[in-house]
Amino acid sequence: MQEQVTPSPTSADLITTTDFYPWEDGYLLEDGMLPELCEKQAVQDLARTYQPTVYLLLSLLGMVGNGLVLLTHIRYHRAHSITDVCLLHLALSDFLLLLTLPFAIIDTLQGWSPGTAACKALQGLYALNFYSGFLFLTCISVDRYVAIVRVPAACRLRPRARRHGWLTAGLAWLLATLLALPQFIYSRAEQHQDLHVCRIVFPPAVSRAARGATNLVQVVLGFVVPFLVMVSCYAAVARTLLAARGAQPHRALRVLLALVLVFVALQLPHSLMVLLDAAELLASWEVTCAQSRRKDMALLVTGGLAYLRCCLNPLLYAFLGQRFRQELWLLASDAGCVGPLDPRCSSCPSPRRRASLSTFQDMM
Amino acid sequence: MQRLYLLCFCLLVLGRILDVHGGNNVLDCCLRTSEKPIPRRIVQDYRLQLVQDGCNIPAAVFITTKGKRLCAPLEAPWVIRLQEKLDASSARKAKPKGK
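Residues numbered from 1 in each chain as written. Chains lettered and ligands numbered in written order. Predicted model: local features only at pLDDT ≥ 70, side-chain atom pairs only at ≥ 80, totals over all residues. Heavy atoms only, no water.

## Points about the overall build of chain A
Here's step 1: On a plain count of helices and strands, chain A comes out with 14 helices and 2 strands.
Here's step 2: Counting every position in chain A, which comprises 364 residues, the buried fraction comes to 47%.
Here's step 3: Sequence separation of at least 24 residues holds for 77% of the intrachain contacts in chain A that already meet a minimum separation of 6.
Here's step 4: Of the roughly 18,100 Å² that chain A leaves accessible, carbon and sulfur atoms contribute 66%. (Helix = DSSP H or I, 4+ residues; strand = E, 2+ residues; numbered from the N terminus. Buried < 20%, exposed > 50% of the residue type's maximum accessible area, 1.4 Å probe, protein only. Contact = heavy atoms within 4.5 Å. Areas by Shrake-Rupley, 256 points an atom, 1.4 Å probe, with all protein chains shown as cover.)

Structure (structure tokens):
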């Protein structure tokens, strides 16, 4: 219909002179030719109910689990290996990450009122613990690989393992802090659609190229390297365990499989959704409003799943270990909750003939 | 070369994966814009949508008298002129209020 209007004197006139438009308001808008703002009230409503429930539940569960790991480590002070130290720091990192969730809930529910400094702390802590979690998982996989596949080297390193463990953890925290620097520097609270929100805002002075480079470094050090190291180490461990036949390796293999599967199952859906989001942005795909709503919804739901990983880490890495269960029992009996230590369990860490397997049992 | 490009693309995409979603705010955004001019008569106000606000594209959002929000390309001459007109009329309205 708009073609009828084109025979106006000049295009400039068309723009400024409204008298040339014969349509009624209703007609124009029902036309459907003019793109409208994509309103996401339904998704925002879901975010307001889903996020607080799931985040609160996860942060409570996760803080209990990781808190127990921290408590047993502090009380019984039994970090002898790099894996032990990394497990302790993984629990600390997950604990701090889950600690940021209640603040994310506040941000969703009523906007960000605490100001820019608190916003920097929230975003920075989130990123710091996100990266350090990945790095600790990597260190654990490398240490397990050395202990099981490279037995002579493991024996040689054993006397200094504790010191190495703390050194490794320190380096991981340092690297994670460096990776999280952009969040610490560029996060701020700002007005958006009559709501204060806390998020990263890169200044225009930071060029696209610099932002791209930052992203690249963050991804390579924070995701690609840890992930590849993890997969190759556990593959080598699995090969060694399969070569050593017997009942024990199978249990250990199941644990390994669970570790990798849980990581993939919880992290992959969210990664795929963000991938879709990124592709949409980078390739400037045109999506309809309905598609965009579905994508936001999926991002929201899978984001909750990704947090679940932090809650499951203590279960997967610590609770499955016999020693941790023993310490937990000890803790409970110290607190007067249960009777004295089960006599059967004191015989659990009996000396084993195979150094590699006993080390592995210790870790698992 | 193509592999390198693919690698860079993958890394960029992974960069987005690791992008921190602190508050996870779902925003109302213009997803596309149209070159078709919007008549001044039906517009009462406007606001700008910028990429740094979290939307994928920049756009001018014109709010019609009926409350609909229409998306227009930010840099188009007719959009700039319409914005100027709206700015001028809102300034006229503001003046008597002040007195």
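## Some words on the sheet that holds strand S2 (residues 59-64) of chain B
Residues and elements named next belong to chain B.
Here's step 1: Spatial strand order, S1-S2-S3: 3 strands in an open sheet with antiparallel pairing. With one partner strand each, in any of the chains shown, strand S1 (43-49) and strand S3 (69-72) form the two edges of the open sheet. Strand-to-strand twist in this sheet, taken as the mean axis angle between neighbours without regard to direction, amounts to 25°.
Here's step 2: Here 4 bridges tie S2 to S3, and the two strands are oriented antiparallel to one another. Note on S3: the bridge partner recorded for Val-61 is Cys-71. (Pairing = 2+ DSSP bridges. Axes fitted to C-alpha atoms, helices over the stretch in contact; angles between N-to-C directions.)

## A short note on the packing of helix H4 (residues 82-110) of chain A against helix H5 (residues 116-149) of chain A
Residue and element names in this part refer to chain A.
Here's step 1: Across the interface, H4 lies against H5 with an axial gap of 8 Å and an inter-helix angle of 155°. Taken together, the axes of H4 and H5 lie roughly antiparallel to each other. When you trace H4 past H5, the crossing you get is left-handed. (Parallel < 35°, antiparallel > 145°, perpendicular 65-115°, else oblique. Left-handed = near helix turned anticlockwise from the far one by under 90°.)

## Here's the deal with the packing of aromatic side chains
Centre distance and the angle of the planes are the two values used to describe a pair of aromatic rings.
Residues and elements named next belong to chain A.
Here's step 1: Within the structure shown, the criterion is met by 4 aromatic pairs over all chains.
Here's step 2: On the numbers, 5.4 Å between centres and 70° between planes, the contact of Phe-136 with Trp-173 is edge-to-face. In this pair, Phe-136 is assigned in helix H5 and Trp-173 in helix H7 (residues 161-179), connecting sequence segments 37 residues apart.
Here's step 3: Overall, the relative accessible area of 16% leaves Trp-173 in the buried class.
Here's step 4: Grouped by ring-pair contacts, the aromatic residues Tyr-55, Tyr-126 and Tyr-307 constitute a single cluster. (Phe/Tyr/Trp six-rings, centres within 6.5 Å; stacked < 30°, edge-to-face > 60°.)

## Considerations on the UniProt feature "transmembrane region" (unreviewed entry) in chain A
Here's step 1: Under the local residue numbering, the UniProt record ascribes the feature "transmembrane region" (unreviewed entry) to residues 54-74, 86-106, 126-146, 166-186, 216-243, 255-278 and 298-320 of chain A.
Here's step 2: Helix makes up 100% of residues 86-106 of chain A and strand 0%. Its end C-alpha atoms lie 31 Å apart. (UniProt positions renumbered as here; feature names shortened; annotations may be inferred.)

## Observations regarding the packing of helix H3 (residues 41-76) of chain A against helix H12 (residues 322-334) of chain A
Residue and element names in this part refer to chain A.
Here's step 1: The interhelical angle for the contact between H3 and H12, taken along N-to-C directions, is 80°, at an axis separation of 10 Å. Comparing the axis directions of H3 and H12 gives the class roughly perpendicular. Seen from H3, the contacting residues are Leu-68, Val-69, Leu-71, Thr-72, Arg-75 and Tyr-76; seen from H12, they are Phe-324, Glu-327, Leu-328, Leu-330, Leu-331 and Asp-334.
Here's step 2: Here the contact of H3 with H12 is built from residues that sort into 8 nonpolar, 1 polar and 3 charged. (Nonpolar A, V, L, I, M, F, W, Y, C, P; charged D, E, K, R; others polar.)

## Points about the nonpolar core
Here's step 1: Counting 49 residues, the largest nonpolar core has Phe-136, Ile-140, Tyr-234, Leu-256 and Tyr-317 of chain A as its most contacted members.
Here's step 2: If you list the elements that add at least two residues to this core, you get H3, H4, H5, H7, helix H9 (208-243), helix H10 (247-282) and helix H11 (289-319) of chain A.
Here's step 3: The element that contributes the greatest number of residues to this core is H5 of chain A, accounting for 13 residues.
Here's step 4: Within the second largest apolar cluster, 14 residues are counted, among which are Ala-60, Val-79, Leu-82 and Leu-86 of chain B. (Core = buried A, V, L, I, M, F, W, Y, C linked by side-chain atoms within 4.5 Å.)

## Re a nonpolar patch on the surface
Residue and element names in this part refer to chain A.
Here's step 1: A cluster of nonpolar residues, Leu-167, Leu-171, Leu-174, Leu-178, Leu-181 and Ile-185, forms a patch on the protein surface that exposes about 600 Å² of accessible area.
Here's step 2: Counting residues per element, the ones that place at least two in the nonpolar patch are H7 and helix H8 (181-186).
Here's step 3: Here the nonpolar patch gets 4 residues from one element, more than from any other, and that element is H7.
Here's step 4: Among the secondary structure elements, Ile-185 is positioned in helix H8. (Patch = residues over 30% accessible without salt bridge, like charges linked within 9 Å, V, L, I, M, F, W, Y side chains within 5 Å. Salt bridge = Lys/Arg side-chain N within 4 Å of Asp/Glu carboxyl O.)

## Comments concerning the state of the cysteines
All names here are of chain B.
Here's step 1: The final tally for this structure, using the stated rule, is 2 disulfides over all chains.
Here's step 2: There is a disulfide in this structure between Cys-30 and Cys-71, and the S-S distance comes to 2.0 Å. Because the torsion about its S-S bond is -85°, the bridge between Cys-30 and Cys-71 counts as left-handed. Residue Cys-30 is located in the loop between helix H1 (2-17) and S1, and its partner Cys-71 is located in strand S3; the two are separated by 41 residues in the primary sequence. The burial state of Cys-30 is the same as that of Cys-71; both residues are buried. (Disulfide = S-S within 2.5 Å.)

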